[in-house]
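As a plain string of letters, each chain reads:
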Amino acid sequence: MEVLKMKTPTKNDIAVRNAGVVIINNYIPMLFERLELTVNNKFTSLENQKKAVKYLQYVVTGLPNTDEVYLPLNKILCGLSVTDKVADEIEITNQERNLIQGMLQAVISHWPEIGDCSVDGFRGNWFIRDGILSELEDKWELRVEKRAYDILLNRSPFAFSIVKFQWMNKPLYINWAY
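Quick caveat: nothing in here was measured; it's all calculated off a predicted structure. (Residues numbered from 1 in each chain as written. Predicted model: local features only at pLDDT ≥ 70, side-chain atom pairs only at ≥ 80, totals over all residues. Heavy atoms only, no water.)

Caption draft 1: The arrangement of helix 5 (residues 119-127) in detail. Among the residues of helix 5, those classed as buried are Val-119, Phe-122, Arg-123, Trp-126 and Phe-127. Taken down its axis, helix 5 places every buried residue within 100 degrees of arc, on the same side. The elements touched by buried residues of helix 5 are helix 2 (46-61) and helix 4 (94-109). (Buried < 20%, exposed > 50% of the residue type's maximum accessible area, 1.4 Å probe, protein only. Helix = DSSP H or I, 4+ residues; strand = E, 2+ residues; numbered from the N terminus. Arc of directions from axis to C-beta. Contact = heavy atoms within 4.5 Å.)

Caption draft 2: Fine view of the pairing of strand 5 (residues 140-144). Counting buried residues along strand 5, four of its five residues qualify, which places the element largely inside the surrounding structure. Across five bridges, the pairing between strand 4 (residues 131-135) and strand 5 is antiparallel. In the strand pairing of strand 5, Glu-135 is matched with Trp-140. Between strand 4 and the antiparallel strand that follows it, strand 5, lie four residues. Both strand 5 and strand 7 (residues 172-175) contribute to a ladder of four bridges, which runs parallel. (Pairing = 2+ DSSP bridges.)

Caption draft 3: Here's a closer look at the nonpolar core. Core analysis: the biggest nonpolar cluster contains 56 residues, and Ile-23, Phe-32, Leu-142 and Leu-172 have the highest contact counts within it. Taken together, the elements giving at least two residues each to this core come down to helix 1 (28-34), helix 2, helix 3 (72-77), helix 4, helix 5, strand 5 and strand 7. Considering every element that reaches this core, the biggest residue donor is helix 2, with seven residues. Once residues within four sequence positions are removed from consideration, Phe-32 is found in contact with Leu-37, Thr-38, Phe-43, Ala-52, Leu-56, Cys-78 and Trp-167. (Core = buried A, V, L, I, M, F, W, Y, C linked by side-chain atoms within 4.5 Å.)

Caption draft 4: Main features of the sheet that holds strand 1 (residues 14-16). Spatial ordering of the open sheet is given by 1-4-5-7-6, a layout of five strands whose pairing is mixed. Single-partner strands in this sheet number two, and they are strand 1 and strand 6 (162-163).

Given below as structure tokens:
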């Protein structure tokens, strides 16, 4: 499988390992609402906003523990600064696990071109992706590593070129060449 190299990050760029999570941006507001972190597209507390960062990483990896260094993209998607501190671990109930698992199975079922794919397979193929996050004056930019099978993105039911949730300070522009 051919993997194209990305340009090396500059001093002000931030390397991320979960760049592919942007593919499910349309599901994120609904997920946060069902996890009772938001009401009417607004976080109910700063604590819930920080929890959202961890839940999003659980969606990506299926693990409740992730070092904060791997979370800058999640922080941006949750309306926080990359310098805001969040806990390394979150407790996830069985109900929350089932909710997230069900959401991921729905995502997979809405994209028949990827074939019979497990949740963990989907995570590895699409979410766990190197990327470069750059802050500009009026927006964030994310460049996502290209992989050979990204041609399937042409038949994806998801839109992810620009992400701007109500709780975000700036939009996130995604450059994912496929």
